[in-house]
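Overview (structure and organization)
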Amino acid sequence: MDIGSVNYLPYEDFVDVFGNVVEKCPLITAAVWSRRPFSSLADLEASINDFIDSLPESGKEGILRVHPDLTGRDLQSETLTRESREEQVQAGLDTLTTAEVSRMARLNTEYKDHFGFPFVICARMNNKATILRQLEERLRNERTIERACAIDEVKKICHLRLQGLVVPETSNKL
Ligand SMILES: NC(=O)N[C@H]1NC(=O)NC1=O
């Protein structure tokens, strides 16, 4: 779909197509629909990012809290959204050894107990080694810094999901 077609979508269809660009947050998509017309894919993405930035800190933490854990185990349990499962598989999280699954689970629990929201990272920009390393390192962050870091990761995930849904303007001209 190109950005011109996006601008013609009624809000029901817009939410159907873009409702999960921020994991389990169709409300963000529904809110951003009012900002049409979008001049480009970058403009749509900027509108989503502006909306996220305008939220109070409790709202940003809410976005983080609806993200699934990256444990590798949920990959079998079919509880993940399609997007999240594909991203975790691309990062190799379906190939964790038993020891890696236990380490990831232990660190995830420690992280959640400490910050009150789950560890979020853009899986497709990482692999299982960098994810485990980041999890360990970010656990040591100060809370405000870590929340901002996690929200940046949400935006990276959104960026890649949008790229899969809207044809970038340059390729339109081909
Ligand atoms: N917990 C977490 O980071 N989950 C997200 N990361 C990602 O790339 N897809 C997700 O669902």
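Note that the structure is predicted; figures quoted are calculated from it, not measured. (Residues numbered from 1 in each chain as written. Predicted model: local features only at pLDDT ≥ 70, side-chain atom pairs only at ≥ 80, totals over all residues.)

Observations regarding the overall build of the chain
Helices and strands together make up the secondary structure of the chain, namely 11 helices and zero strands. When its helices and strands are written in sequence order, the chain yields α-α-α-α-α-α-α-α-α-α-α. The C-alpha atoms of the chain give a radius of gyration of 17 Å, which matches the 16 Å a tight globule of 174 residues would have. With the principal axes as the frame, the chain shows a C-alpha extent of 50 × 35 × 25 Å. Looking at the chain residue by residue over its 174 residues, the buried ones come to 22%. (Helix = DSSP H or I, 4+ residues; strand = E, 2+ residues; numbered from the N terminus. Rg over C-alpha atoms; globule rule 2.2 N^0.38 Å. Buried ≥ 20, exposed ≤ 12 C-beta atoms within 10 Å, placed from the backbone.)

Structural notes on the site of the ligand
Around the ligand, 15 residues are found, and the nearest of them are His67, Ser84, Glu87, Val120 and Ala123. Partitioned by chemical class, the residues of the shell around the ligand number nine nonpolar, two polar and four charged. (Near = placed C-beta within 6 Å. Nonpolar A, V, L, I, M, F, W, Y, C, P; charged D, E, K, R; others polar.)

Some words on the nonpolar core
Counting residues in hydrophobic clusters, the biggest one holds 28 residues, and the most contacted among them are Val22, Ile48, Leu70 and Val154. Examining the composition of this core, we find that four residues originate from one element, helix α10 (residues 143-163), more than from any other. Looking at this core, you find at least three residues from each of domain 1 (3-62 + 163-167) and domain 2 (69-153). When near neighbours in sequence (up to four residues on either side) are disregarded, isoleucine 48 contacts Val21, Val22, Ile28, Val32 and Cys158. (Core = buried A, V, L, I, M, F, W, Y, C linked by C-beta atoms within 7 Å. Domains from an automatic or database assignment. Contact = placed C-beta atoms within 7 Å.)

Section: the domain arrangement of the chain
Each assigned domain of the chain is listed with its residue range as follows: domain 1 (3-62 + 163-167) and domain 2 (69-153). Taken together, the contact between domain 1 and domain 2 spans seven residues of the former and six residues of the latter. At three residues, helix α5 (residues 57-65) tops the list of elements feeding residues into the side of domain 1 that touches domain 2. Its residues assigned to classes, the side of domain 1 that touches domain 2 comprises one nonpolar, one polar and five charged.

Here we look at the confidence of the model for the chain
For the chain, mean pLDDT is 93; residues scoring 70 or higher make up 94% of the total. In the predicted complex, the global pTM is 0.94; the interface-specific ipTM is 0.99. (pLDDT = per-residue confidence, 0-100.)

Some details on the environment of valine 15
Within the secondary structure, valine 15 is located in helix α2 (residues 11-18). Valine 15 gets classed as partly exposed once you count the C-beta atoms within 10 Å, which come to 18. Separated by 14 residues in the primary sequence, valine 15 and threonine 29 have C-alpha atoms spaced 5.9 Å apart. In this structure valine 15 touches Pro26, Thr29 and Ala30, once residues within four positions along its chain are discounted.

Some thoughts on the environment of serine 34
Relative to the elements of secondary structure, serine 34 occurs in the loop between α3 (26-32) and α4 (41-54). Note: C-alpha distance between serine 34 and serine 47 (13 residues apart in sequence) is 10.0 Å.

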